[in-house]
Every structure is written in C-alpha cells, then in structure tokens.
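Chain and residue survey
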Amino acid sequence: MRILSVYGSTKTGKTTTVEAIIKELRKRRYSVGSIKEIHYEHFQIDQPGTNTSRHRQAGSQLVTARGLHETDILYSEKLSLADILKHYSHDFVICEGVEDANIAKILTGASNHDLDERWGPCVIAVSGVVSAQLDSYRDVQAINALTDIDQLVSLIEEKAMPLLPDVDAACCSACGMDCRTFCDSVLKGKSKHSECVQQQQSVHVFINDQPLDLVPFVQDMIRAASAGMISQLRGYQEQADIRIEIRNNHDAST
Ligand code: SF4
C-alpha cells in the first residue's frame, strides 16, 4: 500500500490536486483510499446530544453510526496515521493535509512565499496555484495537476511508498539517520526502503491481530527473554522459528 500526502497552506489548491490525483489513479485502475486531515480545532462529526454522542458519554469506547447510505466508525481520539492505515488495503492512499508522516509529499502553494514557509523533507513535487507559473522549485519539479495530471501521477507511481516508521532517534538510528531524513534519502534514491530495520523485523507481536511496531532494542529484548525460557523446554532447537500465542478466553463461560 503506497501512501502520498498533498499538503500546503489553505486556498492553495490541495483538494483540487487530490481530486485530480484520485481520478487519474482510478483511471489507471488502481484501488484508492483517501484521508483528510482537519486542522479546525472544533471539528467534530459527533455532535453533543446526538444518540451516538450519548453512547460515548455512557462509556462506549467505539461507536458506529450505521445509516442507509454510509457507515461512520467514530473513535473519540486522534489516531496515528499508522493506526488509521490499518483500515485500508488499497493500492494507494492519498492524504490531504498530513505533514508530519514519513511518506512522499506534494507541497501546494499560491506563491513562492507559501512554498518557502511550508517546505520540508520528503517533498517530491510542488503543485497547486503556483505551479501555473513555475517549472521547478528548489530541487523538485512544479507540476500543475489541472494541465499535467499524467506527469504528476506517473511521478507518484514512481515515488510513493509504504509508510515508514517515525520512532525517536534515541530508540533507533540503525540506518545511520533519523526516520524523516531516511525517508527523504529513499525518495532521492540514496537509500532503499528495505534498509530500514523495521522492514526486516524478525520479532512480531500482534495484539488482537494488529501488529506492533518494535524498534530493534525491543525486538532484541523480546527475543532474548523468550529464547532464554524456551531453550529450557524439551523440543527446543537452535535457530528454529518460534511462535507464541496468548489467547484470553473472555467468553469461556460454558
Ligand atoms: S532504521 Fe528505520 S526505524 Fe530505525 S531510524 Fe532508520 S528509518 Fe527509523
């Protein structure tokens, strides 16, 4: 699943760019999901006093509004992008307004000043209003989504990749840099996505079938502790793969 974000200041053409990208990807027969980051502090679909809000107030930890034409699953917290993406299984997920994730990004602006203000690592192209007057900006191309969508989506096909981790540099620096710099390095062709140690994870922990991200230090700790105990059991073999499952049988009442 390849992820891309279109971000930039308001009224610079983000949604128009996202719409054009989604249409072109669908035309190329990819499955596409999307995510819209909302920065408005008071945004809330679930308004006080509605029945779903009353469920939440009563203590329900996950509320679903099941309507005739749509189903809205309402979490009462801001989820990380990694957790949101667990709901998706599409070829591409296009995000609007996500700036803080380690993924390929397109920056939109209405002027060079807008681009200067929001410029950061992992930008593969600039677009939006300003792209009608520019051919390039810093070291990337300026591509107008309204007139050159073919070129923009071909670049996305080439560059967009799965979400990279975002762990504290104190927990992991196995690639020799922090996660954001590594992402930028992959997008510039200087590193490979597979060189992130989390892509080579050899210890996997799932909670209710959801995988946890484990930095190398935690993987080593779990491996050493588990292998230490299991090596005392009959049947243990050096170098064998080990699988442990812990099931909580909450419903075992019969
Ligand atoms: S190896 Fe992966 S998790 Fe570790 S710092 Fe590099 S990108 Fe981040």
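Report on the accompanying structure.

Reading guide: rules and limits
- Sequence order as written defines residue numbering, which begins from 1 separately in each chain.
- Local features in this predicted model are restricted to residues of pLDDT 70 or higher, and side-chain atom pairs are both shown and tallied only at a pLDDT of 80 or more, whereas totals for entire chains, interfaces and linings draw on every residue.
- A helix here means a DSSP run of H or I that spans at least four residues, while a strand means a run of E at least two residues long, and both kinds are numbered starting from the N terminus.
- What counts as a contact is two residues whose backbone-derived C-beta atoms lie within 7 Å of each other.
- Here is the check we use: build the C-beta atom from the backbone, and if it is within 6 Å of the molecule or strand, call the residue near.
- Any residue outside Ala, Val, Leu, Ile, Met, Phe, Trp, Tyr, Cys, Pro, Asp, Glu, Lys and Arg is labelled polar, Gly included; the first ten of those are nonpolar and the last four are charged.
- The pairing criterion for strands is at least two bridges between them, as found by DSSP.
- A fitted line through C-alpha atoms serves as each axis, taken over the contacting stretch for helices, and the angle formed by two N-to-C directions is quoted from 0 to 180°.
- Here roughly perpendicular refers to angles of 65 to 115 degrees, roughly parallel to angles under 35, roughly antiparallel to angles over 145, and oblique to all remaining angles.

**Quick look at the overall build of the protein chain**
When its secondary structure is counted, the protein chain shows 7 helices and 11 strands. Along the longest, intermediate and shortest principal axes, the C-alpha atoms of the protein chain span 70 × 55 × 35 Å. Of the contacts made within the protein chain by residues no fewer than 6 positions apart, 57% connect residues no fewer than 24 positions apart.

**Focus on the site of the ligand**
Taken together, 13 residues lie near the ligand, and Cys 172, Cys 175, Cys 179, Phe 182 and Cys 196 sit nearest. Residue composition of the shell around the ligand, grouped by class: 10 nonpolar, 2 polar and 1 charged.

**Some remarks on the pairing of strand E4 (residues 71–74)**
Here 4 bridges tie strand E3 (residues 63–66) to E4, and the two strands are oriented antiparallel to one another. Bridge pairing in E4 places Val 63 opposite Leu 74. Taking the residues between adjacent antiparallel strands as the criterion, E3 and E4 are bridged by 4 residues.

**With respect to the packing of helix H1 (residues 14–27) against helix H5 (residues 149–159)**
Running from N to C, H1 and H5 point in directions that differ by 75 degrees, and their axes come no closer than 10 Å. Judged by the angle between their axes, H1 and H5 are roughly perpendicular. The residues of H5 that touch H1, namely those facing Ala 20, Ile 21, Glu 24 and Leu 25, are Ile 149, Leu 152, Val 153 and Ile 156.

**Section: the sheet that holds strand E2 (residues 32–36)**
Spatially, E2-E5-E1-E6-E7-E9-E8 is the arrangement adopted by the 7 strands of the open sheet, whose pairing is mixed. With one partner strand each, in any of the chains shown, E2 and strand E8 (136–137) form the two edges of the open sheet. Note that strand E1 (residues 2–8) and strand E6 (residues 104–108) share 5 bridges and pair parallel. Following the sheet pairing, Ser 5 is matched in E6 by Lys 105. Those strands touched by H1 are E1, E2, strand E5 (92–96), E6 and strand E7 (123–127), and its axis lies near 170 degrees from that of E5. Packed on one face of the sheet, H5 meets E1, E6 and E7 and runs near 165 degrees to E7.

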